[in-house]
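Descriptive analysis of the structure
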Amino acid sequence: MKRALRIAILTLAMIAFLMVTPARATVVGTPAADNPSIVEVNVTGAGYADLDGDCDCDDIHTSFTINVYDSTLDFQLTYIYCFLVLPSGDVYYVRLTVIGRYSSLSVDLAWYNMVTESGWYRFIVYAEIPYYHFTLATHDDVTFDPPTDGNPGPPLVSILSVTASG
């Protein structure tokens, strides 16, 4: 019984280590300058606006792109974790699951009523693509400073657009 418990704990520890360790999935055997990664996420924008039409610039618009540079990679799932970290340390989180294959995926998100405090906000995107017995993982982030005014109302996140190619 003790041995089975040790094996289970060791297995869970290895799985956790393997899921957290890769920040960029690199191609073995090709120069990094020619193909630095198989999968890459890039935050392409983060800013504030009045997205819900309530006359307050208390909403945040974020956008990112995921590129898959290996056309032979046969995958069917992508898990995308988006985090918005407020200056106080409070974190809002959205998980997206993409079913299907693509070479490029662009996503725009609206974070309504999120600008509630002054200071620097941070948007983080972490993407995982399960591939056979391992996971390709990548991440990117940006820090920005929107102005704050008034009580914005309850927080809400919506997908503004998704564009996939390949």
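First things first, this report covers the structure right here in the doc. (Residues numbered from 1 in each chain as written. Predicted model: local features only at pLDDT ≥ 70, side-chain atom pairs only at ≥ 80, totals over all residues. Heavy atoms only, no water.)

1. Observations regarding the sheet that holds strand E6 (residues 121-131)
One open sheet accounts for four strands, arranged E4-E3-E6-E7; its pairing is antiparallel. Strands with a single pairing partner mark the edges of an open sheet, and in this sheet they are strand E4 (91-99) and strand E7 (134-144). When strand polarity is set aside, the average angle formed by the axes of neighbouring strands in this sheet is 15°. By the bridge criterion, eleven bridges tie E6 to E7 in an arrangement that is antiparallel. Paired with Phe123 across the strands is Val142, a residue of E7. (Pairing = 2+ DSSP bridges. Helix = DSSP H or I, 4+ residues; strand = E, 2+ residues; numbered from the N terminus. Axes fitted to C-alpha atoms, helices over the stretch in contact; angles between N-to-C directions.)

2. Here's the deal with the nonpolar core
Judged by nonpolar contacts, the single largest core of 32 residues is most densely connected at Phe64, Ile66, Ile80, Cys82, Trp111 and Phe123. Looking at this core, the elements that each hand over two or more residues are strand E1 (39-49), strand E2 (59-68), strand E3 (77-85), E4, strand E5 (104-112), E6 and E7. The element that contributes the greatest number of residues to this core is E6, accounting for six residues. Once residues within four sequence positions are removed from consideration, Ile66 is found in contact with Val39, Glu40, Val41, Thr78, Ile80, Tyr102, Ser103, Ser104, Leu105 and Ala127. (Core = buried A, V, L, I, M, F, W, Y, C linked by side-chain atoms within 4.5 Å. Buried < 20%, exposed > 50% of the residue type's maximum accessible area, 1.4 Å probe, protein only. Contact = heavy atoms within 4.5 Å.)

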